[in-house]
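For reference, the chains in residue letters:
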Amino acid sequence: EQKRRRILEGAAKVFLTYGIQRTTMDDIAKAADMSRPALYLLFRNKTDIYLAIAHSYFGQSMENARAVLA
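So, here is what we can say about the structure in this document. This structure is a prediction, so every number in the text was calculated from the model and none was measured.

Conventions and cut-offs
- Residues numbered from 1 in each chain as written.
- Predicted model: local features only at pLDDT ≥ 70, side-chain atom pairs only at ≥ 80, totals over all residues.
- Heavy atoms only, no water.
- Helix = DSSP H or I, 4+ residues; strand = E, 2+ residues; numbered from the N terminus.
- Buried < 20%, exposed > 50% of the residue type's maximum accessible area, 1.4 Å probe, protein only.
- Contact = heavy atoms within 4.5 Å.
- Salt bridge = Lys/Arg side-chain N within 4 Å of Asp/Glu carboxyl O.
- Core = buried A, V, L, I, M, F, W, Y, C linked by side-chain atoms within 4.5 Å.
- Patch = residues over 30% accessible without salt bridge, like charges linked within 9 Å, V, L, I, M, F, W, Y side chains within 5 Å.
- Areas by Shrake-Rupley, 256 points an atom, 1.4 Å probe, with all protein chains shown as cover.

1. Section: the overall build of the protein chain
For the protein chain, the count of helices and strands is four helices and zero strands. Helices (α) and strands (β) of the protein chain occur, in sequence order from the N terminus, as α-α-α-α. Over its C-alpha atoms, taken along the principal directions, the protein chain stretches across nearly 45 × 25 × 20 Å. Across the 70 residues of the protein chain, 26% fall into the buried class. Long-range contacts, defined as pairs at least 24 residues apart, comprise 55% of the intrachain contacts of the protein chain with a sequence gap of at least 6.

Here you go:
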């Protein structure tokens, strides 16, 4: 879980810096301070990483909304 979180945090920074199209798996691996093969053990491609980031942000937003409504 720690590696996954590191990947998602690093990828989010790289996506914001270079955009999704220009970002490579190598860029994400460097940002997460791991090798590209290790990255591929957890994610098939950058689209899967992007979707995982989106789900994470959506989940956090839902938790915040529930807390505000409670």
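There's more to say after this.
2. Section: the pattern of salt bridges
Applying the stated rule across the entire model yields two salt bridges. Measuring nitrogen to oxygen at the nearest pair gives 3.0 Å for the salt bridge that ties Arg44 to Asp48. Exposure remark for Arg44: the relative accessible area of 64% places this residue in the exposed category.

3. Remarks on the nonpolar core
One broad trend across soluble globular proteins is that nonpolar side chains are buried collectively. Counting 15 residues, the largest nonpolar core has Ile7, Ile28, Leu39, Ile49 and Ile53 as the members making the most contacts within it. Elements with a minimum of two residues in this core: α1 (2-18), α2 (25-31) and α4 (46-69). Examining the composition of this core, we find that five residues originate from one element, α1, more than from any other. Excluding its chain neighbours within four sequence positions, the residues that come into contact with Ile49 are Ile7, Leu8, Ala11, Phe15, Met25, Ile28, Leu39 and Phe43.

4. Considering a nonpolar patch on the surface
On the surface, Ile20, Tyr50 and Leu51 cluster together to form a nonpolar patch covering roughly 250 Å² of accessible area. The residue Tyr50 is located in helix α4 in this model. Since its relative accessible area comes to 39%, Tyr50 is described here as partly exposed.

5. Structural notes on unusual backbone geometry
In this structure, Asp33 takes a positive phi of about 55° despite not being glycine. Mapped onto the secondary structure, Asp33 falls in the loop between α2 and α3 (36-42). Asp33 gets classed as exposed once you look at its relative accessible area, which sits at 66%.

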